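Each chain is listed here by its residues.
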Amino acid sequence: MTKDEEQLLMQLLTDPQSQRKAFERLVREYSEQLYWQVRRMVLSHEDANDVMQNVFLKAWAHLDDFHHDAKISTWLYRIAVNESLDFLRRKKNQLVTSADEAERGVADTLMADRYFDGDQTEALLQEAISQLPDVQRTVFNLRYFDDMKYSDISKLLNTSEGALKASYHIAVKKISEFFKYRD
């Protein structure tokens, strides 16, 4: 979306007459890229859909809180990342429901997911990523998969670029170690 298109969309979002249609456009415009960001964090298609519903509900509820000096995409990414992290925290706090679930790793779970279209290597990469602390996982996903610049991630996560670079470096090292011991 160009800067002019984004400014027009922002104007439409602030006008009560056009707000609903503009929000529908916002959802169409950003759904796919946000879905994949969320999916890489929560892994499951069903969980990603649930989180995405929360993302857009929260965005709709907080349209008036949007700071017009930021980009819409940055604002939406921040909501998506926070909702994903909240989901993961809630999931960690829940008890494992079955022995099978406890024994099955992320890679096996992904390979059994009918919506997963990757191969075993991709599943193992996701397993390695899932073992990272939340911040490292988020930084790795944004940098590696979305090719986001550190300056943009810094705005999104409200942290310094130096801290992000360190988190990314440590994440890459941990993922490399994961694969080293798989051989």
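Residues numbered from 1 in each chain as written. Predicted model: local features only at pLDDT ≥ 70, side-chain atom pairs only at ≥ 80, totals over all residues. Heavy atoms only, no water.

Draft legend 1. Fine view of helix 10 (residues 161-180). Taking 1.5 Å of rise per residue, 20 residues should cover 28 Å, and helix 10 covers 28 Å from first to last C-alpha, within 8% of that figure. Turning to helix 10, its buried residues number three or more, namely L164, S167, Y168, A171, I175 and F178. Down the axis, helix 10 shows its buried residues gathered within 100 degrees of arc, on one side only. Across helix 10 from its buried face, at more than 90 degrees, point the exposed residues H169, K173 and K180. (Helix = DSSP H or I, 4+ residues; strand = E, 2+ residues; numbered from the N terminus. Expected span 1.5 Å × (residues − 1). Buried < 20%, exposed > 50% of the residue type's maximum accessible area, 1.4 Å probe, protein only. Arc of directions from axis to C-beta.)

Draft legend 2. Quick peek at the nonpolar core. Ranked by internal contacts, the top residues of the largest apolar core, which has 47 residues, are L13, L26, L34, I72 and L76. Broken down by secondary-structure element, the contributors of at least two residues to this core are helix 1 (3-14), helix 2 (19-42), helix 3 (45-61), helix 4 (72-93), helix 7 (120-130), helix 8 (134-145), helix 9 (150-157) and helix 10. Looking at this core, the element that brings in the most residues is helix 4, giving 10 residues. Once you skip the residues sitting within four places of it in the chain, L13 turns out to touch Q19, A22, F23, L26, L63 and I72. (Core = buried A, V, L, I, M, F, W, Y, C linked by side-chain atoms within 4.5 Å. Contact = heavy atoms within 4.5 Å.)

Draft legend 3. Here's a closer look at the side chain of S154. For S154, the position within the fold is in helix 9. Sequence-distant contacts of S154, defined by excluding residues within four places in its chain, comprise T159, S160, E161 and L164.

Draft legend 4. Structural context of the packing of helix 9 against helix 10. In the contact formed by helix 9 and helix 10, the axes pass within 9 Å of each other and the chain directions differ by 105 degrees. Taken together, the axis directions place helix 9 and helix 10 in an arrangement best described as roughly perpendicular. Here helix 9 contributes Y150, S151, I153, S154 and L157 to the contact with helix 10, which in turn contributes E161, L164, K165 and Y168. Class assignment of the residues belonging to the contact of helix 9 with helix 10 gives a composition of five nonpolar, two polar and two charged. (Axes fitted to C-alpha atoms, helices over the stretch in contact; angles between N-to-C directions. Parallel < 35°, antiparallel > 145°, perpendicular 65-115°, else oblique. Nonpolar A, V, L, I, M, F, W, Y, C, P; charged D, E, K, R; others polar.)

Draft legend 5. How the structure looks around the packing of aromatic side chains. On inspection of all chains with the given rule, the structure shows 10 aromatic pairs. The interplanar angle of 85 degrees and the centroid separation of 4.9 Å between the aromatic rings of Y35 and W36 together place this pair among those described as edge-to-face. On the accessibility criterion, Y35 (12% relative accessible area) is buried. A residue is classified by how much of its surface remains accessible, and W36, at 35% relative accessible area, is partly exposed. On the basis of an interplanar angle of 85 degrees and a centroid distance of 4.9 Å, the ring pair of Y144 and F145 is categorised as edge-to-face. Among the aromatic side chains, those forming a connected cluster through ring pairs are F140, Y144, F145, Y150 and Y168. Over the ring of Y150 we find R143; its NZ or CZ atom is 4.5 Å from the centre of that ring. (Phe/Tyr/Trp six-rings, centres within 6.5 Å; stacked < 30°, edge-to-face > 60°. Lys NZ or Arg CZ within 6 Å of the ring centre and 35° of its normal.)

These values are about where atoms sit, not about what they do.
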